[in-house]
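# Structure at a glance
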Amino acid sequence: MQTEADYTIIGGGIVGLSVAHGLLSRGHSVICIDGTDADFRASRGNFGLVWVQGKGFSAPHYAAWSQRAVREYPKFVAGLTDETGIKISLQQTGGYEYFTDTESLKSRVKQFETLKKALGGDYPYEILSAEDIRKAEPMVGGDAVGASYYPHDGHVNPLQLLKALAESCQKKGLSHYLGERLSDVRHSGNAFSLTTEKGLTVSSEKVVLCAGLGAKVLGPMFGFKGLVRPQRGQVLVTEKLPPVLNRPSVTIRQVNEGAIQIGDSKEEVGFNDQETQSQMARIASNAIKVMPKLGQLRLVRSWGALRVMSPDGLPIYQESKQMPGAFLVTCHSGITLAATHSHNLSRWLVGAKDAPDLSGFSEDRFND
Ligand SMILES: Cc1cc2nc3c(=O)[nH]c(=O)nc-3n(C[C@H](O)[C@H](O)[C@H](O)COP(=O)(O)OP(=O)(O)OC[C@H]3O[C@@H](n4cnc5c(N)ncnc54)[C@H](O)[C@@H]3O)c2cc1C
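Keep in mind that this is a model prediction, so the values were computed, not measured. (Residues numbered from 1 in each chain as written. Predicted model: local features only at pLDDT ≥ 70, side-chain atom pairs only at ≥ 80, totals over all residues. Heavy atoms only, no water.)

### What about the site of the ligand?
Lining the immediate surroundings of the ligand are 37 residues, of which Asp-34, Asp-39, Ser-43, Gly-334 and Thr-336 lie closest. Contact distances for the ligand include 3.4 Å between an oxygen atom and a backbone N or O atom of Gly-48. Protein chains shield 96% of the accessible area of the ligand, which is 1,000 Å² for the free molecule. Contributions of two or more residues to the shell around the ligand are made by α1 (14-25) and β15 (299-309). Classifying every residue of the shell around the ligand gives 16 nonpolar, 15 polar and six charged. If you count residues domain by domain, the shell around the ligand takes at least three from each of domain 1 (4-49 + 159-228 + 312-366) and domain 3 (229-309). (Near = heavy atom within 4 Å. Polar contact = N/O pair within 3.5 Å; in protein donor to acceptor, adjacent residues only side chain to side chain. Areas by Shrake-Rupley, 256 points an atom, 1.4 Å probe, with all protein chains shown as cover. Helix = DSSP H or I, 4+ residues; strand = E, 2+ residues; numbered from the N terminus. Nonpolar A, V, L, I, M, F, W, Y, C, P; charged D, E, K, R; others polar. Domains from an automatic or database assignment.)

### A few points about the layout of surface pockets
Estimates place the volume of the second largest pocket at around 340 Å³. Contributing to the lining of the second largest pocket are 21 residues, with Leu-159, Glu-257, Gln-261, Arg-301 and Trp-303 lying nearest its centre. Looking at the lining of the second largest pocket, the elements with two or more residues in it are α6 (158-171), β12 (229-240), β14 (259-262) and β15. Residue contributions to the lining of the second largest pocket peak at four residues, all from β12. (1 Å grid on protein atoms, 1.4 Å probe; cavity = no way out; pocket = protein on both sides within 12 Å on 5 of 7 lines; lining within 4 Å. Points joined across faces, edges and corners; volume = space filled by probe spheres on them.)

Dropping the structure here:
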């Protein structure tokens, strides 16, 4: 494996590998240094949604960025599957958010309408009545008073996506160092020299920091603010069933192997990814309110994992002012944004003429 390349990517989660995929596809040489299982790894504990609705109500540029990402998803996944033979199980025929009180549903419609206006009308959501949603999803009943629907929402098998990306990057020539944690950075002229805890040294002209929560400590080493924080989510998994759900919702989905996954917690508990009985009971009880039959199923598994959150929940895409050539890339929807990170963010990283304008995601928005 090479120790010199055009780009070094720190972190081989979904964000790092999506970026690596884009850079390699553009003909650049790339090294990826990825840490160990002792690190928090959101890419291995997430819910697998490819999702637009509910995002960017006060930041239309983020809603537009998510829309662009999901529109590019089918081609992105088809390319990965063609190249690797790995089935990623993308289902993108729309998704729901269920509501159990009419006031919340009404205020959601107001938010959708405001956003739709800000996006020039391009926000093709629908609202389903209690009767419509029961027809569309026979499992729904109980307290559900209706649902919102967005046609490009969907879900994937996120672990298969990660595997396919890793394999595709390897085929394209990625030098992938696993179990190596970055500990020292030197920058002179226009070259970076990066050393890991185990003593591996690699060098490159550019560096992309995609270390998830690791950016809290690593960010300041490159002149970034290190503003990411953990937010815990817990996920429950039932026994496997034949297909009973036609589409995913933001908190309940049937995965390709048949189990139903349920998850809706957003907990500010620091660097703690343990499951708790109280949250698991709350998550199950909320799900049963809209799908009473879930109460008859056995839970077989659960886990907790930490989201990578910026102060306002939007991605941060920033080139370092102190060390030009070093970039920070972090977001809390790395599955949703995978396609656009590969295809569009990589154009920004290489300074292409047709790169998207990402200034709205700069770290400067957090200046005092
Ligand atoms: C419960 C939950 C549900 C979610 N659901 C969804 C969803 O439905 N849809 C969606 O789009 N997103 C979802 N997300 C968010 C998504 O999982 C994350 O946005 C994404 O995984 C972040 O990827 P990442 O590569 O930035 O971080 P990570 O996956 O955390 O990867 C960071 C990598 O950096 C490495 N690293 C850290 N420090 C160092 C170091 N010093 N040196 C070298 N390497 C280092 C780590 O080893 C790790 O491999 C969810 C997250 C959670 C927790």
